Amino acid sequence: MDKTEKDSSPPNDVRLVEPQDDAWKGDNSAYQQTCLQKYTSARWVLAYQACLAYLFYMALPHAMGFAIVCMTTQGISHHANMSERFNISNTTFSSDNMPEFQWDSATQGLVLSSNFFLAALSPPIGGALCHRFGGKMVVLVTYLICAVCSLITPLAARTHLVFLIIAKVLQGFCGNMIFPATNDLWSRWTPEAEKVQLVSVGFSGGTLSQVVLFMMSGFMCTLSFDNGWPVIFYTLGGACLAWCGMWCLTVFDSPDVHPRISSEERQYINNTRVGVVKRRDEKIPWRAIVTSPVCYTIMLVMFAHQYIMVTFVAFGPTYMNSALKYSIPETGVMSSIPYIGRFAGSYVWGFLSDKLRFYLSVTSVRKLVQIVGFGVAGTLTCGLGYVTEDTRLAAVCLMTVIMFCHSSTLSSNAQLPLDIAPQFASIITGLMFGVGNLGATVSPLITAYIISDRTMDQWRTLFFLNMGIFLAASVAFLVFASGDIQPWADNSVQRDQELTEKQRLKTGSGNDIELNKEDV
């Protein structure tokens, strides 16, 4: 197939590509680029947009984690003096100045977990939709819905608890399709030498969102307009609507259909991505996927990752405010600091993974990064239960290191769908985050039950449970994980046959080629 035929092919037909085995090591001299050209290229623009997509994915639903502190404890009149407003945790409320919502611990857990009630279903459904329509359209439609749900959250909450839960369920169902959608895009856009870097940049947006969200929320909760906390949802919903326009204009399903990509970059991506990406109507090997130990390991580790992540995001501000006695504005700042560590970790683990690939196999790199990250995080988590109000700064430091190590999943376990079956990455990713979101669903319910009275003993029990989850996931990953392309996803034999057929047509030596094929 010549270059003209390749560039004019229909969008939904993604052809076989011939990976160059040494390209990821820097031996591909056909495509030279400066640092500026690299980081302004079409594939890196996709990474920046994916970063913003994950920022909104985390910020839109998890805004409730901070807002609920203000909704259920903010009894200070907006006409009170600043010292009163900034020391909410130690304030006694009068009968005519009660919290806007008097929800008990169980109700708060229900609200925080409602975002994940259908989230376990949406990644597999999203993976199938991406296989049919492409990742770009799936993200665009679902995020428009998420933005609207955020805008109507204050109205829904003030109308009835049921309406709030419906809005959160719909938002969670749509938002969780981002995982298979982005992996569907990465399977076509990532050269092997930059795969972990690009994917890690995209995932890092989820961490960046916590820094922005908590700092912003601590300030917005003290505003006099509409009692403060609804401004969080209005701001995020409006920003997401604006971003949807940027996504529509700058993101495309593959290099072959991008109208502004250079021909050199298109050729570089097509020649250096690893794995054979075939047409969207390719038959999915469901039996092989659901019986694969590697796939079950991926799902188990993501369950642990999501469970712990939601625990810290949803109840971190509550821990800061009720256990460590930080005021609301202080809680916003202190809750954001651990996610600066997590944001840095997403880049450090990605950079480390790419460097280690020069010396170790894919499987060894993935296992080393995942086990070290989860092992250190699990060991440190138990220390949070022994921090007192007098040493509360130590808790912030511990959480920062824990979140740094927790982000190792983004450069290890989350990469495995692209490693073991590139052409089915969206499907496996959908299953991975489907099971992972089960952890996100039960985490607020279990956590709210354990810390019902917010005592330090209850917090200690919670942190020991999280430590056990960290360590159990590490052991499972060590035993069962693999970064090798699985036999049911390896169509290199078919690729070799097609390349041999092309060579036969060019040389006309059909008999010799057929003999060689028989020998193989």
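Residues numbered from 1 in each chain as written. Predicted model: local features only at pLDDT ≥ 70, side-chain atom pairs only at ≥ 80, totals over all residues. Heavy atoms only, no water.

Draft legend 1. Structural view of the pattern of salt bridges. All chains considered together, the criterion is met by seven salt bridges. Its salt-bridge partner being Glu265, residue Arg43 comes within 3.0 Å of it at the nearest N-O pair. Taken together, the residues Arg43 in helix α3 (residues 42-73) and Glu265 in helix α12 (residues 263-272) connect sequence positions 222 residues apart. What makes Glu265 buried here is its relative accessible area of 3%. Note that Arg188 is salt-bridged to Asp184, the shortest N-O span being 3.2 Å. On the criterion of helical spacing, the pair formed by Arg188 and Asp184 is a turn pair, its members being four residues apart in helix α9 (residues 178-189). For Arg188, a relative accessible area of 5% corresponds to the buried category. Exposure remark for Asp184: the relative accessible area of 3% places this residue in the buried category. Look at the salt bridges and you will find they share partners, linking Arg43, Glu194 and Glu265 into a network. (Salt bridge = Lys/Arg side-chain N within 4 Å of Asp/Glu carboxyl O. Helix = DSSP H or I, 4+ residues; strand = E, 2+ residues; numbered from the N terminus. Buried < 20%, exposed > 50% of the residue type's maximum accessible area, 1.4 Å probe, protein only.)

Draft legend 2. Molecular detail of the side chain of Gln171. Relative to the helices and strands, Gln171 resides in helix α8 (residues 161-175). Setting aside anything within four residues of it in sequence, one finds Gln171 in contact with Leu60, Pro61, Asn115, Cys146, Cys149 and Ser150. (Contact = heavy atoms within 4.5 Å.)

Draft legend 3. Just the state of the cysteines, in detail. Counted under the stated rule, the structure contains one disulfide. The partner cysteine of Cys70 in its disulfide is Cys221, sulfur to sulfur 1.9 Å. Taking the torsion about the sulfur-sulfur bond, which here is approximately 100°, the covalent link between Cys70 and Cys221 counts as right-handed. With a gap of 151 residues between them, Cys70 in helix α3 and Cys221 in the loop between α10 (195-220) and α11 (230-250) connect regions that are remote in the sequence. (Disulfide = S-S within 2.5 Å.)

Draft legend 4. Representation of the packing of α10 against α11. Close contact between α10 and α11 brings their axes to 9 Å; oriented N to C, the two are set at 135°. Of the possible angle classes, the one that applies to α10 and α11 is oblique. Where α10 crosses over α11, the handedness of that crossing is right-handed. Of α11, the residues touching α10 (which contributes Leu213, Met216, Ser217 and Met220) are Val231, Ile232, Thr235 and Leu236. When grouped by side-chain class, the residues that make up the contact of α10 with α11 number six nonpolar, two polar and no charged. (Axes fitted to C-alpha atoms, helices over the stretch in contact; angles between N-to-C directions. Parallel < 35°, antiparallel > 145°, perpendicular 65-115°, else oblique. Left-handed = near helix turned anticlockwise from the far one by under 90°. Nonpolar A, V, L, I, M, F, W, Y, C, P; charged D, E, K, R; others polar.)

Draft legend 5. Layout of the packing of aromatic side chains. This structure, assessed with the given rule, holds 18 aromatic pairs. With a centroid separation of 5.6 Å and 50° between ring planes, the pair formed by Tyr54 and Phe179 is classed as tilted. Here Tyr54 is found in helix α3, whereas its partner Phe179 is found in helix α9, with 125 residues between them in sequence. The exposure class of Tyr54 is buried, given its relative accessible area of 3%. With 5.0 Å between their ring centres and 85° between their planes, Phe374 and Phe470 make a pair best called edge-to-face. Highlighted residues: Phe374 in helix α16 (residues 362-381) and Phe470 in helix α20 (residues 456-480), separated in sequence by 96 residues. Looking at Phe470, the relative accessible area reads 0%, which means it is buried. Taken together, Phe56, Tyr143, Trp243 and Trp247 form an aromatic cluster joined through their ring pairs. When the ring centre of Phe133 is taken as reference, the NZ or CZ atom of Arg132 above it lies at 5.1 Å. Note that Arg392 overlies the ring of Tyr326, its terminal NZ or CZ placed 4.0 Å from the centroid. (Phe/Tyr/Trp six-rings, centres within 6.5 Å; stacked < 30°, edge-to-face > 60°. Lys NZ or Arg CZ within 6 Å of the ring centre and 35° of its normal.)

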